[in-house]
Amino acid sequence: KLNHGTINRDGTDSIAEMIETLNIFYSLVIFQGTMFLVLLFSMGFYYRRTVARHLLALEQLSDHKWGKEAICRYIADISKKCRKDPPSIKGIDLIKYAAELLDSESQEAYLYGARLLSAFVNKGKDVSWVLLPTRHRIQRLIDSLVISSSSSSHLEDKKEIRDLCSCNARILRPLARILRA
């Protein structure tokens, strides 16, 4: 039984009926709230999965095994930024997000950024607009090429080192043409 606080229990039938009615009402409110939360969480999960699937298809990243993880990271990071400060995500698309990953201290995040930008370059998209204004990103790509070719790289897997080198080279090739002109 729920304690309703304000009801004076003097033994009359009308008060007993009101208590029963309130118990039913409160039970329905709790049930409806629970069902709403279940629906909210399941829709959030479904929405993320659907958005990830559409982005993978749109950006043609589904043939890469790292593509799904990169898209899920993008959605999670954008969602987190949106919860903290909604206006901060204005104008952040997947290319800009990938370029921001190049600024990361995490080698894994840097690799995801290089892979994404390389995939965009392979599709013929121009990524110079996110790299040229910030020369430090270009310098980091060049430094990463030199470091990756040496044995002192932080990446332990040789396949990842080769992958990073090829990604950086693909990103830098069109930039070199722009800078030379």
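See the structure printed just above.
For the structure given in this document, a descriptive report is provided here. Fair warning: this is a prediction, and the values are worked out from it, not measured in the lab. (Residues numbered from 1 in each chain as written. Predicted model: local features only at pLDDT ≥ 70, side-chain atom pairs only at ≥ 80, totals over all residues. Heavy atoms only, no water.)

### Description of the overall build of the chain
Tallying secondary structure elements over the chain gives seven helices and zero strands in all. Its helices and strands taken in sequence order, the chain reads α-α-α-α-α-α-α from the N to the C terminus. For the chain, the residues scored as buried account for 34% of the 181 residues in total. Once local pairs closer than 6 in sequence are excluded, the contacts in the chain between residues at least 24 apart make up 54%. Roughly 12100 Å² of accessible area belongs to the chain as shown, and the carbon and sulfur atoms make up 60% of that amount. (Helix = DSSP H or I, 4+ residues; strand = E, 2+ residues; numbered from the N terminus. Buried < 20%, exposed > 50% of the residue type's maximum accessible area, 1.4 Å probe, protein only. Contact = heavy atoms within 4.5 Å. Areas by Shrake-Rupley, 256 points an atom, 1.4 Å probe, with all protein chains shown as cover.)

### A word on the packing of helix α2 (residues 65-84) against helix α3 (residues 94-101)
Two elements in contact, α2 and α3, have axes separated by 11 Å at closest approach and are oriented at 90 degrees. Considering their axes alone, α2 and α3 lie roughly perpendicular with respect to each other. Along its contact with α2, which presents Ile71, Arg73, Tyr74, Asp77 and Lys81, the element α3 presents Leu94, Tyr97 and Glu100. (Axes fitted to C-alpha atoms, helices over the stretch in contact; angles between N-to-C directions. Parallel < 35°, antiparallel > 145°, perpendicular 65-115°, else oblique.)

### Re the environment of Leu102
As for its placement among the helices and strands, Leu102 is situated in the loop between α3 and α4 (107-122). The spatial distance from the C-alpha of Leu102 to the C-alpha of Arg140 is 7.9 Å, given a sequence separation of 38 residues. Apart from the residues lying within four places of it in its own chain, the contact partners of Leu102 are Tyr110, Gly113, Ala114, Leu117, Leu131, Arg140 and Leu141.

### Here's the deal with the packing of aromatic side chains
Tallying each qualifying case throughout the model produces two aromatic pairs. Centroid distance Phe25 to Tyr26: 5.8 Å. Interplanar angle 55 degrees. Geometry classified as tilted. A centroid spacing of 5.1 Å and a plane angle of 65 degrees characterise the contact between Tyr74 and Tyr97, whose relative ring orientation is edge-to-face. Taken together, the residues span a long stretch of sequence, with Tyr74 in helix α2 and Tyr97 in helix α3 at a distance of 23 residues. Overall, Tyr74 belongs to the buried group, its relative accessible area being 12%. Tyr97 gets classed as buried once you look at its relative accessible area, which sits at 3%. (Phe/Tyr/Trp six-rings, centres within 6.5 Å; stacked < 30°, edge-to-face > 60°.)

### Side note on helix α7 (residues 158-180)
Compared with the 33 Å implied by 1.5 Å per residue over 23 residues, the 32 Å span of α7 between its first and last C-alpha is a close match. Of all the bends found along α7, the most pronounced is centred on Arg173 and spans about 25 degrees, while Pro174, a proline, follows it within four residues. Listed as buried for α7 are Ile161, Asp163, Leu164, Cys165, Cys167, Asn168, Ile171, Leu172 and Leu175. (Expected span 1.5 Å × (residues − 1). Bend = angle between axes of the 7 residues up to and from the residue.)

### A closer look at the side chain of Asn168
Turning to its location among the elements, Asn168 is positioned in helix α7. Asn168 sits in the buried class, given a relative accessible area of 0%. Contacts of Asn168, omitting those with residues within four sequence positions, involve Tyr110, Ala114, Leu141, Ser144 and Leu145.

### Topic: the side chain of Ser144
Its place among the elements puts Ser144 in helix α6 (residues 135-149). Judged by relative accessible area, Ser144 falls into the buried class, the value being 9%. At a separation of 2.9 Å, a polar atom in the side chain of Ser144 contacts the side chain of Asn168. When neighbours within four sequence positions are excluded, Ser144 is seen to be in contact with Tyr110, Leu164 and Asn168. (Polar contact = N/O pair within 3.5 Å; in protein donor to acceptor, adjacent residues only side chain to side chain.)

### Describing the packing of α4 against α7
Packed helices, taken two at a time, are described by the angle between their axes plus the distance between the axes. The contact between α4 and α7 brings their axes to 8 Å, and the two run at 45 degrees. As summarised for this structure, α4 and α7 are arranged oblique, according to the angle between their axes. Of the two possible hands of crossing, α4 and α7 adopt the one that is left-handed. Between α4, through Gln107, Tyr110, Leu111, Ala114, Arg115, Leu117, Ser118, Val121 and Asn122, and α7, the contact on the second element is made entirely by Glu160, Asp163, Leu164, Cys167, Asn168, Arg170, Ile171 and Pro174. Looking at the contact of α4 with α7 residue by residue, the class counts come to nine nonpolar, four polar and four charged. (Left-handed = near helix turned anticlockwise from the far one by under 90°. Nonpolar A, V, L, I, M, F, W, Y, C, P; charged D, E, K, R; others polar.)

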